Amino acid sequence: MRKKTVSEYIEGIKNGNRALLAQTITLIESNAAKHRKKAEAILKAIHHLSGNSIRIGVSGVPGAGKSTFIETLGTYLCNNGYHVAVLAVDPSSTVSGGSILGDKTRMSELARNKRAFIRPSPSGGKLGGVHYKTRESILLCEAAGYDVIFVETVGVGQGETEVRELVDFFILLVLTGGGDELQQMKRGILELADLLCVHKADGNNKQQALLTQKEYELSLHLLHSNQDGWEPKAVSCSSLDNEGIEEIWDIICEFKTYMKERHLFYENRMKQSNAWLESLVREYLWNSFYENEEVKKYFYDIKTRTEHGSLTALEGAYELIHLYEKRAAKNERCD
Ligand SMILES: Nc1nc2c(ncn2[C@@H]2O[C@H](COP(=O)(O)OP(=O)(O)O)[C@@H](O)[C@H]2O)c(=O)[nH]1
Ligand SMILES: [Mg+2]
C-alpha cells in the first residue's frame, strides 16, 4: 500500500474518515522515528480542531461491565445526535488473552453505528492503565468530529490515576458486594470518581445494588464534605436492561454545566495539559539519555561497578550524566 502523506491524513481526519482516523492513531502509536515526525506534523495541524468534546473515563475491574456500559450509553448518545468515540485499552496479554476481540464483540452494536468509532489499543503489557498515546488519540478523535469520547480502562489501582489525568469526567463501575467491598476499595480510588455506578442492577441483584448504592453515597459524602467543587454521586444502573443510563447522561450534563459555570472545566484541562507538558519533557529526556551513544557504551559497566560496590550509586549516576552531557555537546557541535 502506498504511504500516505501528512496532508492526506489531515484531510481524512477533517472529513471524519474513520479508516484514516484509525490509521493515524496507528501512526502516532508507532515508536519508529520516521513515524514520529509525521505524527507530530499531523497533531500540530489538527490541534485547533480539538477540545470540543466531553471526555469520559470508565474504569472498573475486569468483568465489571465497562464495555457493555459504554455500548449502551454510547448507542443512546448516537441515537440522540452525538458522535461517540471509544478508546479502549486492552490488557489482553496480561489478563484474559485476546480480549480485543471480546471488546469488539461486546460493542458490536456500537461498532456498526455510523456515528461511532471504536479503537482498542494494546496496553503494552501493563495491567490496566492507559496507552501512552491515548491523549493524542483523544485529540485526533475530537478533530474528526467526535463530541463524546470514552476511555475504557481496567482499574487495578494504577489505571484509575492515569485515566483521571486524561478525562473531564470519571466513572467508576463497581459491583454489589456490600460493606466488605467498600472496605477493600482504596480510599484514593474512591476520591478520583465523579460518579460511582453500582452496575448490573438487574434481576435478583437489583435490591442488593440499591443497598450498595446507599453505602457508597454515604462514603462519598463523608469523603467530600470539606471540599469545594463537584460532589461525586453514586447511582446504580443496568446496561443489559437499559435502566438508569439516561439518568447517568443527565448527571454528566449537569457536571459539565456546573464546572463551566465555575470556570473549573477549562481550569482542569489546563492543569492536565501542564502535567502532559512535563511528562513529554520527561519522556524526551529519558529517551535522549538512554539513546545517547556514550551512555549506551558505559551503562552496563557502571551498573556492574555499583552493584559490586566499587562505585556508589551517586558516583555512578554522575559519571553517566557527565558522559551524556559531553556526548550531547559534541553532537550539537556536529549538527
Ligand atoms: N446482569 C448484567 N450483566 C452485565 C451487565 N453489563 C455487562 N454484563 C455482563 O458482564 C460480563 C462482562 O462484561 P464486559 O462489558 O465485557 O465487562 P468489562 O470487562 O468490564 O468490559 C458480560 O458477560 C456481560 O454480559 C448488566 O448490566 N447486567
Ligand atoms: Mg471491556
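Rules of the game
Residues numbered from 1 in each chain as written. Chains lettered and ligands numbered in written order. Predicted model: local features only at pLDDT ≥ 70, side-chain atom pairs only at ≥ 80, totals over all residues. Heavy atoms only, no water. Axes fitted to C-alpha atoms, helices over the stretch in contact; angles between N-to-C directions. Helix = DSSP H or I, 4+ residues; strand = E, 2+ residues; numbered from the N terminus. Parallel < 35°, antiparallel > 145°, perpendicular 65-115°, else oblique. Contact = heavy atoms within 4.5 Å. Nonpolar A, V, L, I, M, F, W, Y, C, P; charged D, E, K, R; others polar. Core = buried A, V, L, I, M, F, W, Y, C linked by side-chain atoms within 4.5 Å. Buried < 20%, exposed > 50% of the residue type's maximum accessible area, 1.4 Å probe, protein only. Phe/Tyr/Trp six-rings, centres within 6.5 Å; stacked < 30°, edge-to-face > 60°. Expected span 1.5 Å × (residues − 1). Pairing = 2+ DSSP bridges. Patch = residues over 30% accessible without salt bridge, like charges linked within 9 Å, V, L, I, M, F, W, Y side chains within 5 Å. Areas by Shrake-Rupley, 256 points an atom, 1.4 Å probe, with all protein chains shown as cover. Salt bridge = Lys/Arg side-chain N within 4 Å of Asp/Glu carboxyl O. Lys, Arg positive; Asp, Glu negative; His and termini not counted. Charge placed at Lys NZ, Arg CZ, Asp CG, Glu CD. Polar contact = N/O pair within 3.5 Å; in protein donor to acceptor, adjacent residues only side chain to side chain. pLDDT = per-residue confidence, 0-100.

Considering the packing of helix α13 (residues 264-291) against helix α14 (residues 293-308)
Point 1. One can describe the packing of α13 onto α14 by two numbers: an axis separation of 5 Å at closest approach and a directional angle of 65 degrees. Between α13 and α14, the angle is such that the two are roughly perpendicular. Facing F289, Y290 and E291 of α13, the residues of α14 in contact are E293, V295, K296 and F299.
Point 2. Residues that form the contact of α13 with α14 fall into these classes: four nonpolar, no polar and three charged.

A word on the nonpolar core
Point 1. Counting 42 residues, the largest nonpolar core has L21, I46, L140, C141, Y146 and L196 as its most contacted members.
Point 2. In this structure, L140 is in contact with I13, L21, T24, I25, I28, I42, L43 and I46, ignoring residues within four places of it in sequence.
Point 3. Of all hydrophobic cores here, the second largest spans 34 residues; its members include I70, V84, L110 and V148.

With respect to the packing of aromatic side chains
Point 1. Counted under the stated rule, the structure contains 11 aromatic pairs.
Point 2. Judged by centre distance (6.0 Å) and plane angle (35 degrees), the ring pair of F117 and Y146 falls under tilted. Placement of F117 in strand β3 (residues 116-122) and of Y146 in the loop between α7 (134-143) and β4 (148-154) is noted, with a sequence separation of 29 residues between them.
Point 3. Given a relative accessible area of 5%, F117 falls into the buried group.
Point 4. Each ring, one from F265 and one from Y266, has its centre 5.2 Å from the other, and the planes form 80 degrees; the classification is edge-to-face.

Details of helix α4 (residues 66-79)
Point 1. Compared with the 20 Å implied by 1.5 Å per residue over 14 residues, the 20 Å span of α4 between its first and last C-alpha is a close match.
Point 2. Burial within α4 is extensive, with 12 of its 14 residues counted as buried.
Point 3. When α4 is considered as a whole, its buried residues turn out to be K66, S67, F69, I70, E71, T72, L73, G74, T75, Y76, L77 and C78.
Point 4. Just past α4, the residue G81 takes up positive phi, approximately 95 degrees.

Description of the pairing of strand β5 (residues 169-174)
Point 1. The element β5 is extensively covered by neighbouring structure, given that six of its six residues are classed as buried.
Point 2. Sheet analysis places strand β1 (residues 54-60) next to β5, joined by four bridges and oriented parallel. Looking at the pairing, G57 lines up with F170 of β5.
Point 3. Pairing analysis gives four bridges linking β5 to strand β6 (residues 195-198), with the strands arranged parallel. Paired with V174 across the strands is V198, a residue of β6.

Some points on a positive patch on the surface
Point 1. On the surface, K297, K326, K330 and R333 cluster together into a positively charged patch.
Point 2. Element by element, the count of residues in the positive patch is highest for helix α15 (residues 313-334), at three residues.
Point 3. Assignment of secondary structure puts K330 in helix α15.
Point 4. Looking at K330, the relative accessible area reads 43%, which means it is partly exposed.

Brief notes about the environment of K4
Point 1. Secondary-structure assignment places K4 in the segment before α1 (6-14).
Point 2. Spatially, the C-alpha atom of K4 lies 9.9 Å from that of T24, the residues being 20 residues apart in sequence.
Point 3. Among residues more than four places away in sequence, those in contact with K4 are Y9, L20, Q23 and K38.
Point 4. Here the side chain of K4 touches Q23 through a polar contact of 3.0 Å, side chain to side chain.

A look at the side chain of T134
Point 1. Here T134 is to be found in helix α7.
Point 2. Exposure remark for T134: the relative accessible area of 4% places this residue in the buried category.
Point 3. Once residues within four sequence positions are removed from consideration, T134 is found in contact with L87, V89, V151 and L166.

Thoughts on the confidence of the model for the protein
Point 1. Scored by pLDDT, the protein has a mean of 88; 87% of the residues are at 70 or more.
Point 2. Here helix α5 (residues 99-106) stands out as the element of the protein with the lowest mean pLDDT, 50, in contrast to helix α12 (residues 245-261), whose mean of 97 is the highest.
Point 3. Across residues 93-103, where pLDDT falls below 50, the model places 18 contacts with residues more than four positions away in sequence or in other chains.

Description of the environment of F69
Point 1. Along the chain, F69 falls in helix α4.
Point 2. Note: C-alpha distance between F69 and H199 (130 residues apart in sequence) is 8.5 Å.

Quick notes on the pattern of salt bridges
Charged atoms that come close allow side chains of opposite charge to pair.
Point 1. Counted under the stated rule, the structure contains 14 salt bridges.
Point 2. In this structure, the salt-bridge partner of E29 is R119, at a minimum N-O distance of 3.1 Å. Placement of E29 in helix α2 (residues 18-29) and of R119 in strand β3 is noted, with a sequence separation of 90 residues between them.
Point 3. Using a relative accessible area of 13% as the deciding quantity, one classes R119 as buried.

Considerations on α7
Point 1. Taken across its 10 residues, α7 has 10 buried, putting it largely inside the fold.
Point 2. Every buried residue of α7 is accounted for by T134, R135, E136, S137, I138, L139, L140, C141, E142 and A143.
Point 3. Phi turns positive, to about 100 degrees, at G145, one or two residues after α7.

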